Amino acid sequence: MFSPEGPSFPALVRQALSSVEHGYDLLATTFDATPFRTPDPVLDAVAETLEPLGPFDSGLDVCCGTGAGLTVLRAVCAGRTVGVDFSAGMLAEARRAHPAAPLVRADALALPFAPVFDLAVSFGAFGHFVPAAQRTLFAGVHASLRPGGTFAFPLPAPPRVGSAPYWTLWGFDAAMRARNLVWRPPFVMYYRTFRLADVRRRLADTGFTVELLPIRSLGTRSDGGPRCRLVVARKSGRAETP
């Protein structure tokens, strides 16, 4: 549900008719009042699941937006935490919320970092990368991590086929594909292109070893499976002791 302080419907239409970058510039000041911002309980649950996997020194929030994921990094990292995003508007909001954090404006498909991070996270951004771009994204994160570094992100269980959420996501993706056929520039935002089996294979192809951890505090589904898993992708090699 949208907050009263959130964007109006005309504002969302203007965003959807823009490029991804400009659309987020338009949405930046009201983004945290929309359902697209990762909820605090999810952020807290991810931090809780990550903590036993440390210690971590430096951390990178990929596609940091307004900086919600930086709170997770601060909770589990002893050293500096960095955010990267290509929207100047979103970075401006992140700077207000996290004035001490280094923030870098860059395309996630061309990350400008040497292998200096122990942990990379990302929240809610993967719908902006079509399957062909996911390997490029993962390769950039891999190159930004030290040997033994970890790339982690939550991945909710898919909705049951035929359920209302299933058809909602299917309809949203269909509408976005139709929009991108008739309007330029494209606005890439698809919810059904980030499937677990494909993601595991692409991470492995990039050089990661992948493990799935249940995020227990987010509960289980009716079939007993977790509502949300933490994908933990590790770069080979021995991590340096912080």
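Our structure is the block above this text.
Residues numbered from 1 in each chain as written. Predicted model: local features only at pLDDT ≥ 70, side-chain atom pairs only at ≥ 80, totals over all residues. Heavy atoms only, no water.

The strand order across the open sheet built from seven strands is 3-2-1-4-5-7-6, with neighbouring strands paired in mixed fashion. Each having just a single partner strand, strand 3 (103–105) and strand 6 (208–214) make up the two edges of the open sheet. Between one strand axis and the next, the sheet turns by 20 degrees as a mean value, whatever way the strands run. As judged from the three bridges shared by strand 2 (residues 81–85) and strand 3, these two strands associate in the parallel manner. When the bridges of strand 3 are listed, V84 appears paired with V104. Helix-sheet contacts for helix 4 (residues 68–76) involve strand 1 (59–62), strand 2, strand 3 and strand 4 (117–121), and the interaxial angle to strand 2 is about 160 degrees. (Pairing = 2+ DSSP bridges. Helix = DSSP H or I, 4+ residues; strand = E, 2+ residues; numbered from the N terminus. Axes fitted to C-alpha atoms, helices over the stretch in contact; angles between N-to-C directions. Contact = heavy atoms within 4.5 Å.)

All buried positions along helix 3 (residues 40–50) are accounted for by V42, L43, A45, V46, A47, T49 and L50. Along its buried surface, helix 3 packs onto helix 4, strand 4, strand 5 (145–156), strand 6 and strand 7 (228–235). (Buried < 20%, exposed > 50% of the residue type's maximum accessible area, 1.4 Å probe, protein only.)

What follows deals with the packing of helix 6 (residues 131–144) against helix 8 (residues 196–206). Between helix 6 and helix 8, the shortest axis-to-axis distance is 9 Å and the interhelical angle comes to 45 degrees. With respect to each other, helix 6 and helix 8 are oriented oblique. Considering the relative orientation of helix 6 and helix 8, their crossing is right-handed. Touching P131, Q134, R135, F138, A139 and H142 of helix 6 are V199, R201, R202, L203, D205 and T206, all from helix 8. Residue composition of the contact of helix 6 with helix 8, grouped by class: five nonpolar, three polar and four charged. (Parallel < 35°, antiparallel > 145°, perpendicular 65-115°, else oblique. Left-handed = near helix turned anticlockwise from the far one by under 90°. Nonpolar A, V, L, I, M, F, W, Y, C, P; charged D, E, K, R; others polar.)

Here we come to the environment of A28. Positionally, A28 belongs in the loop between helix 2 (20–27) and helix 3. On the accessibility criterion, A28 (3% relative accessible area) is buried. Remark: the alpha-carbon pair of A28 and E93, spanning 65 residues in sequence, is separated by 6.8 Å. Not counting residues up to four positions away in its chain, the partners in contact with A28 are T66, G89, M90 and E93.

Attention now goes to the side chain of T150. Among the structural elements, T150 can be located in strand 5. On the accessibility criterion, T150 (5% relative accessible area) is buried.

On to the pairing of strand 5. Counting buried positions along strand 5 yields ten of twelve residues, so the element is predominantly enclosed. Here strand 4 pairs with strand 5 via four bridges, running parallel. From the neighbouring strand, F117 faces strand 5, where its bridge partner is L145. Following the backbone out of strand 4, through helix 6 and into the adjacent parallel strand 5, one traces a crossover that is right-handed. Judged from the seven bridges that link them, strand 5 and strand 7 form a sheet pairing that is antiparallel. Residue pairing for strand 7: P156 is matched across the bridge by C228. (Right-handed = clockwise from strand over helix to strand, strands pointing away.)

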